[in-house]
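Residues per chain, in single letters:
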Amino acid sequence: MRLQGYSIRTEHSYIYWIRSYIRFNDLTHPKEMGAEEVEAYLSWLANTRHVAVNTQRIALNAIVFLYHKYLKQDLGKLGFTLATRQRYLPTVLDMAEVNTILSKVQGRNHLILSLMYGSGLRVSEALRLRVKDVNLKGFSLMIHDSKCRKDRNVILPRYLASALPAIIEKAVEQQKQDNLENFGCSMPVALSRKYPSAFRSPGWAFLFPSSQPTIHPVSGIVCRHHLYHSVIRKALKTAVQQSGLDFKRVTCHTLRHSFATQLLRSGSDIRSVQELLGHNDVRTTQIYTHVIGQHFAGSTSPLDQMYQQFTLDSSHDTQYTQLTDKAPDSSFCAEK
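Now for a look at the structure at hand. (Residues numbered from 1 in each chain as written. Predicted model: local features only at pLDDT ≥ 70, side-chain atom pairs only at ≥ 80, totals over all residues. Heavy atoms only, no water.)

1. Examining the pairing of strand β3 (residues 152-155)
- The side-chain alternation of β3 yields one buried face, formed by Arg152 and Val154, and one unburied face, formed by Asn153 and Ile155.
- By the bridge criterion, four bridges tie strand β2 (residues 140-143) to β3 in an arrangement that is antiparallel. When the sheet's bridge partners are listed, Met142 is paired in β3 with Asn153. (Buried < 20%, exposed > 50% of the residue type's maximum accessible area, 1.4 Å probe, protein only. Helix = DSSP H or I, 4+ residues; strand = E, 2+ residues; numbered from the N terminus. Pairing = 2+ DSSP bridges.)

2. A short note on the environment of Asp94
- One can find Asp94 in the loop between α3 (53-70) and α4 (95-102).
- Relative accessible area serves as the criterion here: at 35%, Asp94 is assigned to the partly exposed category.
- Of the polar contacts made by the side chain of Asp94, one reaches the backbone nitrogen of Glu97; its length is 2.8 Å. (Polar contact = N/O pair within 3.5 Å; in protein donor to acceptor, adjacent residues only side chain to side chain.)

3. Details of the layout of surface pockets
- Empty space within the second largest pocket amounts to approximately 260 Å³.
- Met1, Leu3, Gln4, Ile15, Ile18, Arg19, Phe65, Leu66, Lys69 and Tyr70 together form the lining of the second largest pocket.
- Taken together, the elements giving at least two residues each to the lining of the second largest pocket come down to α1 (8-24) and α3.
- Ranked by residues supplied to the lining of the second largest pocket, first place goes to α3 with four residues.
- In terms of residue class, the lining of the second largest pocket is made up of seven nonpolar, one polar and two charged. (1 Å grid on protein atoms, 1.4 Å probe; cavity = no way out; pocket = protein on both sides within 12 Å on 5 of 7 lines; lining within 4 Å. Points joined across faces, edges and corners; volume = space filled by probe spheres on them. Nonpolar A, V, L, I, M, F, W, Y, C, P; charged D, E, K, R; others polar.)

4. Concerning empty space enclosed by the protein
- Going through the model one piece at a time under the given rule, you end up with one cavity of 30 Å³ or more.
- A volume near 50 Å³ is recorded for the largest cavity.
- Lining of the largest cavity is provided by Ala171, Gln174, Gln175, Asp178, Cys185, Ala205, Phe206, Pro209 and Arg224.
- Among the residues making up the lining of the largest cavity, the classes are represented as five nonpolar, two polar and two charged.

5. Here we look at helix α8 (residues 164-180)
- The end-to-end C-alpha separation of α8 is 25 Å, in line with the 24 Å expected for 17 residues at 1.5 Å each.
- Those residues of α8 not exposed but buried are Leu164, Ile167, Ile168, Ala171, Val172, Gln175, Asp178 and Asn179. The buried residues of α8 all sit within an arc of 130 degrees when viewed along its axis, so they share a single face. For α8, exposure combined with an orientation more than 90 degrees from the buried face picks out Ala166, Glu169, Lys170 and Leu180.
- Next to the buried residues of α8 lie α5 (107-119), β1 (134-135) and α7 (158-161).
- The first or second residue beyond α8 is Asn182, which carries a positive phi of 70 degrees. (Expected span 1.5 Å × (residues − 1). Arc of directions from axis to C-beta. Contact = heavy atoms within 4.5 Å.)

6. Re the packing of aromatic side chains
- Scanning the entire structure with this criterion turns up nine aromatic pairs.
- Relative to Trp17, the ring of Tyr16 lies with its centre 4.9 Å away and its plane at 85 degrees, an arrangement referred to as edge-to-face.
- Judged by relative accessible area, which is 8%, Trp17 ranks as buried.
- Plain terms: the ring middles of Tyr21 and Tyr67 are 6.3 Å apart, the flat faces sit at 75 degrees to each other, and that makes the pair edge-to-face. Residue Tyr21 is located in helix α1, and its partner Tyr67 is located in helix α3; the two are separated by 46 residues in the primary sequence. For the pair shown, Tyr21 and Tyr67 are each scored as buried.
- Residue placement shows Lys132 over the ring face of Trp204; its charged tip is 4.6 Å from the ring centre.
- It is Arg158 that lies over the ring of Phe139; its NZ or CZ is 3.9 Å from the centre. (Phe/Tyr/Trp six-rings, centres within 6.5 Å; stacked < 30°, edge-to-face > 60°. Lys NZ or Arg CZ within 6 Å of the ring centre and 35° of its normal.)

Below is the structure:
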């Protein structure tokens, strides 16, 4: 998987499903199994474990990778059809709700959640930000190696630009202290081989470093990684509960959805929103037009039309009655 350039998270996910597949078949070696066992496993996931369609797809991708890329064994045509995923409308928050949530968070966590909402970042993208990725003069952020291994530029809210210099200074100071002990921030493995002293550069310091050093999962060297995702997720969950919004399913990704929805409501072009979010296909971005109701723009509910008409007729009747009450003679009433 590393030869193919897969991320560490994909490695963990594929290994999990490959182990699950082998254990389902009583620890039989995959070379001794084939399409029949794969079909039985996928059917078990769907019928017994009732997993989601996307989970089925990930399990299938992991098993196909095992056979086609690693074992070089053709599975043939599987007699299994994955269920079609229904269209999912994400939960979004309006500006008042986001403001209420952010008011319950302080310090570093407040800044991270504000960046996710103000720049449309995934939680992993916000936590992986390094000093060199921040352009305070141009009010932009560079996102490297995001989903589908793409780079992109996103907007940096001017409201947050004034708070970042202090964060950058603190991150660089942490980097210097680590360098005194001959280690630094975690680096891409290939880059660290090409530039062995790059971990001493202030530009590579994480904006939000973890509190403790760790062992790099690939290179095995001591380094300081960025803050772990669970820290932000727990902070957001607590803030949502304190805000009284726990009746909604609010996650870190909800802030990204809310960012896109607010831009479209403000009149931003859908292609611009697509670029800011880093979507490959504009159809992925179009889901937000359904969230805000643009897909039925100009349409009015028949119920609203009915009550609007009856209200209008009632208003005319009232005006007529008032007019006839004030009429000086019967001829005026008849004329009206």
